[in-house]
Amino acid sequence: MQIELDAIDLIKRAGKYIREKIDGSYHVEQKTGKSDLVTEIDQAVEDLLIQGILDRYPNHHIYGEEGRIARPDTLEGTIWFVDPIDGTMNFIRQKRMFAISIAIMIDGELRYGFVYDVMADELFHVIKGHGAYQNGIRLPQIEERSVKEAIICMNATWVTPNRRINTDRLAPLVRHAVGVRAIGAASLELAWTAAGRVDGYITMRNMPWDYAAGQLLIEEVGGRVGTITGESMSFLEQTSVLAGSQTFVKDVLTFVQTQED
C-alpha cells in the first residue's frame, strides 16, 4: 500500500534528521513538569512529519504530541497519530532508547502502525490483518504468560504515592512478577511487548500518540490492549493502558479487582 510506503519513508527521513542533530546544542523546556520535556528537535521533527503527510494527503488529519497543527476532535476520516520523539528525556540524557511513533486510523479503526527506534535503526511496523514486523521480519504470535511468569514494563511512579491510582492495586504485581522494567518510551515498551522482549506494559497516563501504534502491533500478534479497568481505548484523551497477552491482561485485571474488594 502506498500509504505504508509513504509512512516508512517519512519516519526514516525523520530519524536521519534526529541522528544528525542529536549531538548538537538545543534548548530544553518543561511542559507539565521536570520529567515532561520538549526541545526544538521534537518540534522540528513534528513539523517535518506534518508537512510530509499533508503534501501527500492534504485531506488527512493529524493528532500530534507537540500541537504543531490543530488536533481533530472526532475519529472520522483518516487520522495520523504522531509522536516525533517518544522518550524525550532519554533523547536528551541517554541519546538512545527513544522512538518516532506513527499510527494511521481510518474511520475509527487502526490500520497501520510504525514505531522506529532511531538510534538502533529498528523499525516495528504493522498492517492490520497482514502481520506485524521487526525490520521486515514477521513477528510470531505473542506468548501467553501470567503475571507470575512475566517481565512487566511499568514506571515506579505507579507503586509509589500518586494521584491516579492507589498503590495497593499495583504493588502486588511487582511482588509476583519475574521482574519490572521501565524503558521510558511508551511506544517502545509496547513494541517490545509485541516482539516478546517483555510480557506486558502498564501505565496510568498515556496519550493516543503514545499507544496507538503499539496497540495495533500487540493486537496483530494476538495480544490485548485496554485500560487498567478493562475498557477499550478512546484515542481522543489521556488514559491508562494495560497491554500484553490475553492471559497477562486477564491476570492483571484480576489482581486489580481483587485489591478493590
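Bear in mind that the values here come from a model prediction, so they are computed numbers and not experimental data.

(A) How the structure looks around unusual backbone geometry. Located in the positive-phi region is aspartate 107, a residue other than glycine, with phi close to 50 degrees. With respect to the helices and strands, aspartate 107 occurs in the loop between β5 (99-106) and β6 (109-117). With a relative accessible area of 61%, aspartate 107 lands in the exposed category. Its identity as a non-glycine residue notwithstanding, asparagine 135 has a phi of 50 degrees, on the positive side. For asparagine 135, a relative accessible area of 46% puts it in the partly exposed group.

(B) Seen up close, the nonpolar core. By size, the foremost hydrophobic cluster in this structure holds 38 residues, and its most contacted members are Phe81, Leu110, Val115, Leu188, Tyr201, Leu217 and Phe235. Looking at this core, the elements with two or more residues in it are β4 (78-86), β5, β6, β7 (122-127), α5 (186-195), α6 (208-220) and β14 (239-244). If one sorts the elements of this core by residue count, α6 sits on top with 7 residues. Each residue touching leucine 217, except ones within four places of it in the same chain, is listed here: Val115, Phe124, His125, Val126, Ala132, Ala191 and Ala194. Ile18, Ile22, Val45 and Ile127 belong to the second largest nonpolar core, which has 32 residues in total.

(C) Region of the structure containing the sheet that holds β5. Read across the sheet, 7 strands follow the order β3-β4-β5-β6-β7-β8-β9 without closing on themselves; strand pairing throughout is mixed. Because the sheet does not close on itself, it has two edges, and the strands there are β3 (61-64) and β9 (137-138). In the sheet, β4 pairs with β5 via 7 bridges, with the strands oriented antiparallel. Within β5, the position partnered with aspartate 83 by the bridge is serine 101. Where helix α1 (residues 2-21) meets the sheet, its contacts fall on β4, β5, β6 and β7, and the angle it forms with β6 comes to roughly 25 degrees. The strands touched by α5 within the sheet are β4, β5, β6 and β7, with β6 carrying the most contacts at an inclination of about 100 degrees.

The rules behind the values
Residues numbered from 1 in each chain as written. Predicted model: local features only at pLDDT ≥ 70, side-chain atom pairs only at ≥ 80, totals over all residues. Heavy atoms only, no water. Helix = DSSP H or I, 4+ residues; strand = E, 2+ residues; numbered from the N terminus. Buried < 20%, exposed > 50% of the residue type's maximum accessible area, 1.4 Å probe, protein only. Core = buried A, V, L, I, M, F, W, Y, C linked by side-chain atoms within 4.5 Å. Contact = heavy atoms within 4.5 Å. Pairing = 2+ DSSP bridges. Axes fitted to C-alpha atoms, helices over the stretch in contact; angles between N-to-C directions.

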